[in-house]
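Results of the structural survey
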Amino acid sequence: EAEVAQSPRYKITEKSQAVAFWCDPISGHATLYWYRQILGQGPELLVQFQDESVVDDSQLPKDRFSAERLKGVDSTLKIQPAELGDSAMYLCASSKRDGTDTQYFGPGTRLTVL
Amino acid sequence: GESVGLHLPTLSVQEGDNSIINCAYSNSASDYFIWYKQESGKGPQFIIDIRSNMDKRQGQRVTVLLNKTVKHLSLQIAATQPGDSAVYFCAEYTSGTYKYIFGTGTRLKVLA
């Protein structure tokens, strides 16, 4: 069964350092999502790609966060510099066409900023 | 694994009973609604969805009800099993704006 892959699973970094997360969606899925989930809360959508284009990044803190999906397949989310408040689970999901299709989530990357 | 939903509202039900989890959504323009199940250390898993032109949809042991008048969504789980213990999130999607919003979640505990 196809799955969304994410790496690393866990990342510990010091504040002011740069971190990057990688996501490989299910093959053939056009839409890719990055979410941030703080412990005890629901996931918050950071950015949504349709193929290689960003269709929504209204909740992405653009002063320190960036995301790209250059060839419309895998994607990277970067934080530079990391802050203590960035500690969270970063989830990637993909869907076949758009937001009305089932989203399949990866296992997430747990980020701890010290 | 890590704990999801340490401070979430909790619903405790006896094994074999029916569970009802409620959700209030925020945007009257939302046209697609989804329920997810999240176990500790894992990403959310799709359970069932419903579009705004429907008010009820049934799956295997689960039913989703949508009341657009009061912007309310509910998930009913029949014959709740220990494996149903998890945190449940509702989500709403607005097609025109690509907005995808998750609710705060409810922890379901199944008592043996």
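Structure: above.
Not measured: the values here are computed from a predicted model. (Residues numbered from 1 in each chain as written. Chains lettered and ligands numbered in written order. Predicted model: local features only at pLDDT ≥ 70, side-chain atom pairs only at ≥ 80, totals over all residues. Heavy atoms only, no water.)

Notes on the side chain of Thr106 of chain B
Residues and elements named next belong to chain B. As for its placement among the helices and strands, Thr106 is situated in strand β10 (residues 106-111). Since its relative accessible area comes to 13%, Thr106 is described here as buried. Once residues within four sequence positions are removed from consideration, Thr106 is found in contact with Pro9, Leu11, Ile21, Asn22, Ala86, Val87 and Tyr88. (Helix = DSSP H or I, 4+ residues; strand = E, 2+ residues; numbered from the N terminus. Buried < 20%, exposed > 50% of the residue type's maximum accessible area, 1.4 Å probe, protein only. Contact = heavy atoms within 4.5 Å.)

Notes on the sheet that holds strand β3 (residues 19-24) of chain A
Residue and element names in this part refer to chain A. Ordered by their spatial adjacency, four strands build an open sheet running β1-β3-β8-β7, and the pairing between neighbours is antiparallel. Since the sheet does not close on itself, it has two edges, and those belong to β1 (5-7) and β7 (65-68), each with one partner. Ignoring strand direction, the axes of neighbouring strands in this sheet form an average angle of 15°. Here β3 pairs with strand β8 (residues 75-79) via five bridges, running antiparallel. Bridging from a neighbouring strand, Phe21 pairs with Leu77 of β8. (Pairing = 2+ DSSP bridges. Axes fitted to C-alpha atoms, helices over the stretch in contact; angles between N-to-C directions.)

Digging into the interface of chain A and chain B
Contact with chain A, which involves 24 residues of that partner, is made by 23 residues of chain B. Applying the counting criterion to the chain A and chain B interface returns one salt bridge. Between Lys99 of chain B and Asp56 of chain A there is a salt bridge, and its shortest N-O distance comes to 3.2 Å. The tally of links between chain A and chain B comes to seven residue pairs in polar contact (both at pLDDT 80 or more). Of all the elements in the fold, those that place two or more residues in the side of chain A that touches chain B are β4 (31-37), β5 (44-50), β6 (53-56) and β9 (88-95) of chain A. For the side of chain A that touches chain B, the class distribution of residues is nine nonpolar, eleven polar and four charged. (Salt bridge = Lys/Arg side-chain N within 4 Å of Asp/Glu carboxyl O. Polar contact = N/O pair within 3.5 Å; in protein donor to acceptor, adjacent residues only side chain to side chain. Nonpolar A, V, L, I, M, F, W, Y, C, P; charged D, E, K, R; others polar.)

So, the layout of surface pockets
By volume, the largest pocket is sized at about 470 Å³. If you trace the largest pocket, you find 20 residues lining it, with Glu3 and Phe105 of chain A together with Gly43, Pro44 and Gln45 of chain B closest to the centre. Across the lining of the largest pocket, the residue classes tally to eight nonpolar, seven polar and five charged. (1 Å grid on protein atoms, 1.4 Å probe; cavity = no way out; pocket = protein on both sides within 12 Å on 5 of 7 lines; lining within 4 Å. Points joined across faces, edges and corners; volume = space filled by probe spheres on them.)

Examining the pairing of strand β7 (residues 72-77) of chain B
For a regular strand, side-chain orientation follows a simple rule: the groups alternate between the two sheet faces. Residue and element names in this part refer to chain B. Here six bridges tie strand β2 (residues 19-24) to β7, and the two strands are oriented antiparallel to one another. Looking across to β7, one finds that Ile20 is bridged to Gln76. Relative to β7, strand β6 (residues 62-67) runs antiparallel, the two being bridged by six bridges. Within the sheet, the bridge partner assigned to Val62 lies in β7 and is Ile77.

Comments concerning the sheet that holds strand β5 (residues 56-58) of chain B
All names here are of chain B. Here four strands make up an open sheet; going across it, the order is β2-β7-β6-β5 and the pairing antiparallel. A strand with exactly one partner marks an edge of an open sheet, and here the two such strands are β2 and β5. Geometrically, the sheet is characterised by an average inter-axis angle of 15° between neighbouring strands, direction not taken into account.

Structural notes on the environment of Thr63 of chain B
Residues and elements named next belong to chain B. You can see Thr63 is positioned in strand β6. Judged by its relative accessible area of 11%, Thr63 is buried. Excluding residues that lie within four positions of it along the chain, Thr63 makes contacts with Lys56, Arg57, Gln58, Ser74, Leu75 and Gln76.

Notes on the nonpolar core
Membership of the largest hydrophobic core comes to 20 residues, with the highest contact counts inside it found for Phe21, Trp34, Phe65, Leu77, Ile79, Tyr90 and Leu111 of chain A. Setting aside anything within four residues of it in sequence, one finds Leu77 of chain A in contact with Val19, Ala20, Phe21, Trp34, Leu46, Leu60, Phe65, Ser66, Ala67 and Tyr90 of chain A. Of all hydrophobic cores here, the second largest spans 19 residues; its members include Ile48, Val64, Tyr88 and Cys90 of chain B. (Core = buried A, V, L, I, M, F, W, Y, C linked by side-chain atoms within 4.5 Å.)

Things to note about unusual backbone geometry
Put simply, Ser7 of chain A and Pro8 of chain A share a cis peptide bond, and its omega is -10°. Mapped onto the elements, Pro8 of chain A comes out in the loop between β1 and β2 (10-13). The omega angle of the peptide bond from Gln80 of chain A to Pro81 of chain A is -5°, so this bond is cis rather than trans. Mapped onto the secondary structure, Pro81 of chain A falls in the loop between β8 and β9. Positive phi values are uncommon outside glycine, yet Asp51 of chain A reaches one of about 55°. If you trace the backbone, Asp51 of chain A turns up in the loop between β5 and β6. With a relative accessible area of 37%, Asp51 of chain A lands in the partly exposed category. In this model, Tyr98 of chain B sits at a positive phi of 65°, which is unusual for a non-glycine residue. In this structure, Tyr98 of chain B sits in the loop between β8 (86-94) and β9 (99-102).

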